Amino acid sequence: MKPGRNLDLLVEEKVINAASGSEEWASDGWIVPSYSTDIAAAWRVVDAVHSMISNQRSDGKRTDLNFLELAVLGQYDGVAVSFSSNNRRDWWEYTDHIPFAARGDTAAHAICLASLKVVRGAGA
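Residues numbered from 1 in each chain as written. Predicted model: local features only at pLDDT ≥ 70, side-chain atom pairs only at ≥ 80, totals over all residues. Heavy atoms only, no water.

(A) Spotlight on the overall build of the protein chain. Tallying secondary structure elements over the protein chain gives three helices and three strands in all. Within the protein chain, the proportion of its 124 residues that are buried is 41%. In the protein chain, the share of contacts with a sequence separation of at least 24, taken over all contacts with a separation of at least 6, comes to 46%. Within the structure as shown, the protein chain displays about 7200 Å² of accessible surface, and the carbon and sulfur contribution to it stands at 48%. (Helix = DSSP H or I, 4+ residues; strand = E, 2+ residues; numbered from the N terminus. Buried < 20%, exposed > 50% of the residue type's maximum accessible area, 1.4 Å probe, protein only. Contact = heavy atoms within 4.5 Å. Areas by Shrake-Rupley, 256 points an atom, 1.4 Å probe, with all protein chains shown as cover.)

This is the structure:
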């Protein structure tokens, strides 16, 4: 999915609202942040993912999803993001096969795509 309004709305619904426990859908009266194109807004997505995960792990045990791993792939290859621990040094080459990782045009784009994979994996 390309960065832009449709991805921003999907992230608002599936990630931000799920993390807050809110059932409210962003209406025309709300301004949905540009999560997929603005890195400052994308960090709110990172915080939401970490919040969801810490709420799911009430036993206090460490989870491999407690951090964010970024790899800048080059001018034409974009950015890879992973919310999970990866044992491979070249994990960014396999983002299609890693449950909580994604590649995007920018860090904000990749964060949004990876966060949706986290939500799907968590059953939300």
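(B) Focus on the nonpolar core. Residues Val11, Val15, Tyr35 and Val45 are the most contacted members of the largest nonpolar core, which totals 28 residues. Of all the secondary structure elements, the ones that give two or more residues to this core are helix 1 (5–20), helix 2 (39–56), strand 2 (78–82) and helix 3 (107–122). Tallying contributions element by element places helix 3 first for this core, with nine residues. In this structure Val45 touches Val11, Val15, Ile16, Tyr35, Ile111 and Ser115, once residues within four positions along its chain are discounted. (Core = buried A, V, L, I, M, F, W, Y, C linked by side-chain atoms within 4.5 Å.)

(C) Layout of the pairing of strand 2. Of all five residues making up strand 2, five are buried, and the element is well covered by its neighbours. Bridge count for strand 2 against strand 3 (residues 101–104) is four bridges, and the pairing is antiparallel. Residue Val79 lies in a different strand from strand 3, and its bridge partner there is Gly104. (Pairing = 2+ DSSP bridges.)

(D) Inspection of the environment of Leu113 at higher detail. Relative to the helices and strands, Leu113 resides in helix 3. Judged by relative accessible area, which is 16%, Leu113 ranks as buried. Once the C-alpha coordinates of Leu113 and Pro3 are considered, the two residues, 110 residues apart in sequence, prove to be 9.2 Å apart. Contact partners of Leu113, with chain neighbours within four places excluded, come to Met1, Leu7, Ala102, Arg103 and Gly104.

(E) Structural context of helix 1. Between the first and last C-alpha of helix 1 there are 21 Å, a value that for 16 residues agrees with the 22 Å anticipated at 1.5 Å per step. Remark: the principal bend of helix 1, roughly 35°, maps to Glu12. Among the residues making up helix 1, those that are buried are Leu7, Asp8, Val11, Glu12, Val15, Ile16, Asn17 and Ala19. (Expected span 1.5 Å × (residues − 1). Bend = angle between axes of the 7 residues up to and from the residue.)

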